[in-house]
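Fold and contact review
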Amino acid sequence: METADIQNAFKEKVCEQVELVEEGLGRFRVLVPFMFDDGDHFAIVLKRSNGSWTLSDEGHTFMHLTYDIDERDLFRGNRQKIVSNALSTFGVEDHEGELVLAVPGDRYGDALFSYVQALSRIADINYISRERIRSTFIEDFQHFMSERVEEGRRAFGWIDPIHDPEGKYPVDCRVNGSAIPLFVFALQNDDRVRDATITLHQFERWDVRFRSVAIFEDQEGINRKVLARFSDVCDKQFSNLAGNADRITRYLEEASAAG
Amino acid sequence: MSFLLNDNEIESLLQEPKPVDAGLVASMRPRAKRGHKEWDLDVQGASVGQFRVVVRQSDANPLDFSAILIYLRPRTNQQFRLRRYNGRSHMHSNKLENQQFYDFHIHMATERYQEMGMREDAYAERSDRYADLDGALRCLQ
C-alpha cells in the first residue's frame, strides 16, 4: 500500500467517526470516537454564546469520574495535579465543573484536538484509581491521619534518631502523646508488608516500647505467608482504609487515651 | 485490586431482593457538586448482599444522568457495578460486539467483558424504557 493510501485511510477512518448532531439553535452534539474505559464516549457539545463558539462537556467528565471516585478526592493531591496539568496544557478552562474551550476563530479542528486530549488525560484518573496507584493510597492514608491526629502529635516517615540514625527502619506514621507511642504502617503490597515485619522485629530487638497498627490498602491481596509472619509482630490490623475509617478513628482515640 | 463475578453470580445479585423504604427514597435530597448533583443510598439485600444506588445528573443537561446499582464486596472497599442506567448525552461502544449508538442505554455487568480485562459494565444496550432520570430510577427499582 502506498504512503498516500495509508494516510488517506487514516484520515477517512478518523473523519468518519466525528459527527455533528444538531440539538437546537446554536448547539451541536459532537460525536467522537474517544471514550472512557467503560465504553461511554466523551460527552462534547459545541455551542454558541455571545457570538462565539465553545466546546463544553457540560460537567460530564468530572461527573463520570465520581462514579468511582469521591468528588473531594478528585480535586486534591495527585489527581488534582493531573487535572490542572491537563487543563493548562491544552488551554481548557474549568467553569465550576464544566470543562470549556473557546474555539479561536474558525480553528474548529485544532480546538477539538486539544479538547479531546485534555479530556483523555483527565479520564485516565479513573484508570489510575482502578489500578490503585501506590502514591494515591499513601496520600489517602496521610490525609486520613492528618485529619485525625493533630500536627504536633504525628510524624510521617519517622526515624528513630537514637537506634536508627541511618534511617533503615522508617515508620509510616508515629503518633505520640501517650505513654506508649503508636507506630502506624500503611501497607499496599507484599514488599511493604515484609519491610514492616523487619522493622517491627528490629524495634523489638532494641527493646523500644511501642504499639503497632497496620492499615492495608487491601489485606486480601497480601500473600498468606507474608501476612502470617507480619501478624505475629503487629498488634492491630485493619484490612482497608475506606471501609474502616470509623473503627480506625476510634482505635487512635482509645490508644491515645490509654496511655 | 479488582475482583471478578461470573454471569451466574451477577444474576444472583440482581435477583436478590433489595428492600428500600419508599419514604426514605422520597426524602433524599441531592447534594450539589461542581457541575452536577448526586445522591447515594446504601441498601442491605434480603440475603447477604450489600448494595449502593448512586445517582448523578448534570446541572447543564438534565438528559445527562446515570443511575447505578453497585454491589459492595463485604469487608473491603471494592465495588462492582451491576447495572447503570444512562441518559442520552454521549455515544456508547460495545467493543466486543463492534456496536455503537447514541441513545438512552443500560450498562450491564457481564463475565465476558471482565475476562477481556475491561470494566465489568462496559457492555450496554439501547433502551426505550425511560426518557428521563425519574424513569431510569423506576427501571432500576
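A brief report on the enclosed structure follows. (Residues numbered from 1 in each chain as written. Chains lettered and ligands numbered in written order. Predicted model: local features only at pLDDT ≥ 70, side-chain atom pairs only at ≥ 80, totals over all residues. Heavy atoms only, no water.)

The subject of this paragraph is the overall build of chain A. Each helix and strand counted, chain A has 9 helices and 11 strands in total. Residue burial in chain A is summarised as follows: out of 259 residues, 45% are buried. Restricting the contact set of chain A to residue pairs at least 6 apart, pairs at least 24 apart contribute 55%. For chain A, the accessible surface area stands at approximately 13400 Å², while carbon and sulfur atoms represent 48% of it. (Helix = DSSP H or I, 4+ residues; strand = E, 2+ residues; numbered from the N terminus. Buried < 20%, exposed > 50% of the residue type's maximum accessible area, 1.4 Å probe, protein only. Contact = heavy atoms within 4.5 Å. Areas by Shrake-Rupley, 256 points an atom, 1.4 Å probe, with all protein chains shown as cover.)

Moving on, we get to the sheet that holds strand E4 (residues 52–56) of chain A. Residue and element names in this part refer to chain A. Here we have 6 strands laid out as an open sheet, ordered E1-E2-E3-E4-E6-E5, and antiparallel in their pairing. Both edges of this open sheet fall to strand E1 (19–24) and strand E5 (93–95), since each of them pairs with a single strand only. Shown here is a sheet whose adjacent strand axes are inclined to one another by a mean of 35 degrees, direction ignored. (Pairing = 2+ DSSP bridges. Axes fitted to C-alpha atoms, helices over the stretch in contact; angles between N-to-C directions.)

In this assembly, 39 residues from chain A lie in contact with 39 residues from chain B. With both chains or domains summed, chain A and chain B bury close to 3300 Å², and 45% of this area falls on carbon and sulfur atoms. Linking chain A with chain B are 8 salt bridges. Close ionic contact of Arg84 of chain B with Asp40 of chain A constitutes a salt bridge, the shortest N to O distance being 3.1 Å. Counting across the interface, chain A meets chain B through 22 residue pairs in polar contact (both at pLDDT 80 or more). Only E1, strand E2 (27–31), helix H2 (60–65) and helix H5 (108–130) of chain A provide two or more residues apiece to the side of chain A that touches chain B. (Buried area = accessible area lost by both parts, 1.4 Å probe. Salt bridge = Lys/Arg side-chain N within 4 Å of Asp/Glu carboxyl O. Polar contact = N/O pair within 3.5 Å; in protein donor to acceptor, adjacent residues only side chain to side chain.)

Counting residues in hydrophobic clusters, the biggest one holds 31 residues, and the most contacted among them are Leu82, Tyr85 and Tyr130 of chain B. Elements that contribute at least two residues to this core include exactly helix H1 (7–15), strand E2 (36–44), strand E3 (50–58), strand E4 (65–72), strand E5 (79–86), strand E8 (105–108) and helix H4 (133–140) of chain B. With 5 residues, the single largest contributor to this core is H4 of chain B. Setting aside chain neighbours within four positions, we find Tyr130 of chain B in contact with Phe65, Tyr85, Asn86, Phe104, His105, Ile106, Gly135, Ala136 and Cys139 of chain B. Formed by 29 residues, the second largest nonpolar core is a distinct cluster that contains Val30, Leu74, Leu87 and Leu119 of chain A. (Core = buried A, V, L, I, M, F, W, Y, C linked by side-chain atoms within 4.5 Å.)

What follows is about the layout of surface pockets. Residue and element names in this part refer to chain B. In this model, the second largest pocket occupies a volume close to 510 Å³. Surrounding the second largest pocket, 20 residues form its lining, Val20, Val53, Leu137, Leu140 and Gln141 being those nearest its centre. Only H1, helix H2 (22–27), E2, E3, E5 and H4 provide two or more residues apiece to the lining of the second largest pocket. (1 Å grid on protein atoms, 1.4 Å probe; cavity = no way out; pocket = protein on both sides within 12 Å on 5 of 7 lines; lining within 4 Å. Points joined across faces, edges and corners; volume = space filled by probe spheres on them.)

A separate point is the environment of Glu38 of chain B. With respect to the helices, strands and loops of the structure, Glu38 of chain B is situated in strand E2. Between the C-alpha atom of Glu38 of chain B and that of Val55 of chain B, which follows or precedes it by 17 residues, the distance is 5.5 Å. Non-local contacts of Glu38 of chain B, meaning those with residues more than four positions away in its chain, are made with Thr66 of chain A together with Pro30, Arg31, Lys33, Val55 and Arg56 of chain B. A polar contact of 3.3 Å, which involves the side chain of Glu38 of chain B, links it to the side chain of Arg56 of chain B.

Before going further, it helps to examine the environment of Asp124 of chain A. Along the polypeptide, Asp124 of chain A turns up in helix H5. Measuring from C-alpha to C-alpha, the distance between Asp124 of chain A and Phe36 of chain A comes to 8.0 Å, with 88 residues separating the pair along the chain.

This paragraph deals with the pattern of salt bridges. In total, this model carries 28 salt bridges over all chains according to the counting rule given. A salt bridge links Glu23 of chain A to Arg29 of chain A; its shortest N-O distance comes to 3.2 Å. Looking at Arg29 of chain A, the relative accessible area reads 2%, which means it is buried. The salt bridge partner of Arg148 of chain A is Glu147 of chain A, with a shortest N-O separation of 3.4 Å. Classification of Arg148 of chain A by relative accessible area gives partly exposed; the value is 33%. Residue classification places Glu147 of chain A among the exposed residues on the basis of a relative accessible area of 56%. Among the charged side chains, a salt-bridge network with shared partners connects Asp37, Asp38, Asp40 and Asp68 of chain A together with Arg81, Arg84, Arg119, Glu120 and Asp121 of chain B.

What follows deals with the packing of helix H7 (residues 190–205) of chain A against helix H8 (residues 224–231) of chain A. Residues and elements named next belong to chain A. Where H7 meets H8, the closest approach of the two axes is 9 Å, and the angle between their N-to-C directions is 25 degrees. Between H7 and H8, the crossing angle belongs to the class labelled roughly parallel. Note that H7 runs across H8; the crossing there is left-handed. Packed against H7, whose contacting residues are Asp190, Val193, Arg194, Ala196, Thr197 and Leu200, the element H8 presents Val226, Arg229 and Phe230 at the interface. Here the residues of the contact of H7 with H8 are counted per class, giving 5 nonpolar, 1 polar and 3 charged. (Parallel < 35°, antiparallel > 145°, perpendicular 65-115°, else oblique. Left-handed = near helix turned anticlockwise from the far one by under 90°. Nonpolar A, V, L, I, M, F, W, Y, C, P; charged D, E, K, R; others polar.)

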